[in-house]
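Here is how the chains run, residue by residue.
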Amino acid sequence: MNLLLAIAGMVVVTYGIRLSFLVFGHRLVFPPLLQRALHYVPAAVLTALIVPMALAPQGPIDLSAANAYLPGTLAAATVAFFSRQTLPAILLGFAVYGVWRWLF
Amino acid sequence: MNLNRAALLAGVRDTVPMLVGAAPFGVIFGTLAIASGIPVWAVLALSALVFAGSSQFVAVSLIGGGAALPVIWLTTFVVNLRHALYSASLLPAVRELPARWRWLLAFWLTDETYAVVEHRLRTQGVADGGAAYWLGSSLAMYLNWQLWTVAGVLLGQSVPGLAQLGLDFAMVATFAAIVAPQLRQRPVLAAALAAGGVALLARHLPYKLGLMLAALAGVLAGLLAERLAASQPQGEEA
């Protein structure tokens, strides 16, 4: 894959979105359905990245004790869910992951 | 236009809490990107030129996983599309600004700067240094992000074999910590469940195409759950 091309495309796409209404606003409308759909994008994309990594880090689904990703992810998610604090959640998730790998 | 220095500094000052919040993500991004084998120039270019944290994280994960170029671009589009909403919401307030200012400020339009400047621009427009205030917030966020990215890159380089230490797990933990608090809303929970399920089933598709399918399924599930909740006469507050 061409890394330079990947980044150049990301720059064009991202800057284009930010410019959209601020610079070309008089010619654009933002459909209400799209506005509601956007609300779900971050959770959908991030969960789509999390689930395969947590449940199947090597490819096949792995629910055994050897898979430290699963308890670590669950710990991070649980702490964040109740505390709404991102950094403590990441650190605790990492601690659970580390201890789990050391134990099993 | 004369730059209103007091307004510029006020924009910087009001952005300080956002700078503190973004700092760990900058470090984690830089470290993770290096640990995933992305060259230093590309890591710095992502922060300096794309300047959109969540899409940078997703791109690192996709590039590391060998995704196709159109998948990377399309995912960036989907993840950053919310900025169009900010762009639309700020337009009425800044219509009178010269076009070159709008081209410039649009480049730095992030969640954080939008959150800081939106109220002032909506209530006072660009009078009394509104544009300088926006510029101050933008520059503070931008320089802060570059600084912490470099710190992360240095950290990633100074500890070789970070990936073997399980740093790839840090990405999963970071994403989980961002998503989990949003799951209190039922439709978001539906979106996450659908997206996670589809991503798991479609994980062997080439070029990370499964991510696109999963995102689509998640958004549809969210909209559907929202509609179901609205149609229930005594439905719970979502």
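Since we're looking at a predicted model, the values are computed, not measured.

Visitor: Could you clarify how one ought to interpret the overall build of chain A in this entry?
Guide: The helix and strand tally for chain A stands at five helices and zero strands. Listing the helices and strands of chain A from first to last along the sequence gives α-α-α-α-α. For chain A, whose C-alpha radius of gyration is 20 Å, the value lies well above the compact-globule estimate of 13 Å for 104 residues. Projected onto its principal axes, the C-alpha positions of chain A cover 60 × 40 × 25 Å. Scored against the burial criterion, the 104 residues of chain A give a buried share of 46%. Contacts in chain A between residues at least 24 apart in sequence constitute 28% of all its contacts with a sequence separation of at least 6. For chain A, the accessible area works out to roughly 5,400 Å², and carbon and sulfur atoms hold 73% of it.

Visitor: Before we go on, may I ask you to explain a nonpolar patch on the surface in this structure?
Guide: Residue and element names in this part refer to chain A. Side chains of V99, W102, L103 and F104 sit close together on the surface and give an oily, nonpolar patch of about 520 Å² of accessible area. Relative to the helices and strands, F104 resides in the segment after helix 5 (86-103). Look at F104 and you get exposed, because its relative accessible area is 56%.

Visitor: Hey, could you run me through the packing of aromatic side chains in this one?
Guide: By convention here, two paired aromatic rings are described through the distance between centres and the angle between planes. One pass over the structure, following the stated rule, counts 19 aromatic pairs over all chains. With a centroid separation of 6.4 Å and 70 degrees between ring planes, the pair formed by A:Y15 and B:W103 is classed as edge-to-face. Here the residue A:Y15 occupies a position in helix 1 (residues 3-24), and B:W103 occupies one in helix 6 (residues 99-107), the pair thus bridging two chains. The class for A:Y15 is partly exposed, based on a relative accessible area of 24%. Note on B:F107 and B:W108: the rings are 6.1 Å apart at their centroids and 75 degrees apart in plane angle, and the pair reads as edge-to-face. Like B:F107, the residue B:W108 is buried in the burial classification. Through successive ring pairs, a cluster of aromatic residues spans A:Y15, A:F24, B:F51, B:W103, B:F107, B:W108 and B:Y142.

Visitor: Could you clarify how one ought to interpret the side chain of B:S61 in this entry?
Guide: Topologically, B:S61 is positioned in helix 3 (residues 53-64). Filtering out sequence-adjacent residues up to four positions away, B:S61 remains in contact with A:L49 and B:M171.

Visitor: Hey, could you run me through helix 7 (residues 111-124) of chain B in this one?
Guide: Turn by turn, an α-helix covers 3.6 residues, leaving residues three or four places apart pointing in a common direction. All names here are of chain B. Its 14 residues give helix 7 an end-to-end C-alpha distance of 20 Å, which sits within 8% of 20 Å, the value for a rise of 1.5 Å per residue. Along helix 7, the largest kink reaches about 40 degrees and is centred on V117. All of the buried residues in helix 7 are T113, Y114, V116, V117, E118, R120 and L121. Looking at the buried positions of helix 7, the neighbouring elements they touch are helix 1 (5-35), helix 5 (82-94) and helix 8 (130-158). Taken from the residues just after helix 7, G125 is the one with a positive phi, measuring 65 degrees.

Visitor: Just checking my understanding: could you explain the interface of chain B and chain A for this structure?
Guide: By a widely used convention, the size of an interface equals the accessible area lost when the partners come together. At the junction of the two partners, chain B supplies 85 residues and chain A supplies 65 residues. It is B:W103, B:F169 and B:R184 that lose the most area in chain B upon contact with chain A, and together they represent 11% of the buried surface on that side. Remark: the boundary between chain B and chain A carries one salt bridge. A:R36 is paired through a salt bridge with B:E226; the nearest N and O atoms lie 2.4 Å apart. In terms of residues, the side of chain B that touches chain A owes the most to one element, helix 9 (residues 163-179) of chain B, which gives 16 residues.

Visitor: I'm lost on the nonpolar core in this one. Help?
Guide: The tendency in soluble globular proteins is for nonpolar side chains to be buried side by side. Among the nonpolar cores identified, the biggest contains 109 residues, and A:V45, B:F29, B:L90, B:V94, B:L121 and B:W134 are the most heavily contacted of them. Here B:W134 is in contact with A:L22, B:L90, B:V94, B:L105, B:L109, B:T113, B:V117 and B:L121, once residues within four sequence places are set aside.

Visitor: Would you explain the packing of helix 1 of chain A against helix 4 (residues 69-80) of chain B in this entry?
Guide: Packed helices, taken two at a time, are described by their axes: the angle between them and the distance between them. Look at helix 1 of chain A against helix 4 of chain B: their axes get within 9 Å of each other, and the N-to-C directions meet at 25 degrees. For the element pair helix 1 of chain A / helix 4 of chain B, the angle class is roughly parallel. Our pair here, helix 1 of chain A against helix 4 of chain B, has a crossing hand that is right-handed. Contact residues: A:L5, A:A6, A:G9, A:M10, A:V13, A:T14 and A:I17 in helix 1 of chain A; B:L69, B:I72, B:W73, B:T76, B:F77 and B:N80 in helix 4 of chain B. Looking at side-chain class alone, the contact of helix 1 of chain A with helix 4 of chain B contains nine nonpolar, four polar and no charged residues.

Visitor: Can you walk me through the packing of helix 1 of chain A against helix 2 (residues 40-50) of chain B in this structure?
Guide: Running from N to C, helix 1 of chain A and helix 2 of chain B point in directions that differ by 10 degrees, and their axes come no closer than 10 Å. In terms of orientation, helix 1 of chain A and helix 2 of chain B fall into the roughly parallel class. Facing helix 1 of chain A, whose interface residues are A:L3, A:L4, A:I7, A:M10, A:V11, A:T14 and A:R18, helix 2 of chain B presents B:W41, B:A42, B:A45, B:L46, B:L49 and B:V50. Its residues placed into classes, the contact of helix 1 of chain A with helix 2 of chain B shows eleven nonpolar, one polar and one charged.

Visitor: Help me out: how do you make sense of the domain arrangement of chain B in this one?
Guide: Residue and element names in this part refer to chain B. Parsing chain B into structural domains produces domain 1 (5-163) and domain 2 (185-231). Here the C-alpha centre of domain 2 lies 26 Å away from the C-alpha centre of domain 1. Contact residues are listed per partner, giving eight residues for domain 1 and five residues for domain 2. A combined buried area of about 590 Å² lies between domain 1 and domain 2, and 84% of that area is made up of carbon and sulfur atoms. Viewed at the interface, domain 2 and domain 1 are joined by zero salt bridges.

Cut-offs used in this document
Residues numbered from 1 in each chain as written. Chains lettered and ligands numbered in written order. Predicted model: local features only at pLDDT ≥ 70, side-chain atom pairs only at ≥ 80, totals over all residues. Heavy atoms only, no water. Helix = DSSP H or I, 4+ residues; strand = E, 2+ residues; numbered from the N terminus. Rg over C-alpha atoms; globule rule 2.2 N^0.38 Å. Buried < 20%, exposed > 50% of the residue type's maximum accessible area, 1.4 Å probe, protein only. Contact = heavy atoms within 4.5 Å. Areas by Shrake-Rupley, 256 points an atom, 1.4 Å probe, with all protein chains shown as cover. Patch = residues over 30% accessible without salt bridge, like charges linked within 9 Å, V, L, I, M, F, W, Y side chains within 5 Å. Salt bridge = Lys/Arg side-chain N within 4 Å of Asp/Glu carboxyl O. Phe/Tyr/Trp six-rings, centres within 6.5 Å; stacked < 30°, edge-to-face > 60°. Expected span 1.5 Å × (residues − 1). Bend = angle between axes of the 7 residues up to and from the residue. Buried area = accessible area lost by both parts, 1.4 Å probe. Core = buried A, V, L, I, M, F, W, Y, C linked by side-chain atoms within 4.5 Å. Axes fitted to C-alpha atoms, helices over the stretch in contact; angles between N-to-C directions. Parallel < 35°, antiparallel > 145°, perpendicular 65-115°, else oblique. Left-handed = near helix turned anticlockwise from the far one by under 90°. Nonpolar A, V, L, I, M, F, W, Y, C, P; charged D, E, K, R; others polar. Domains from an automatic or database assignment.

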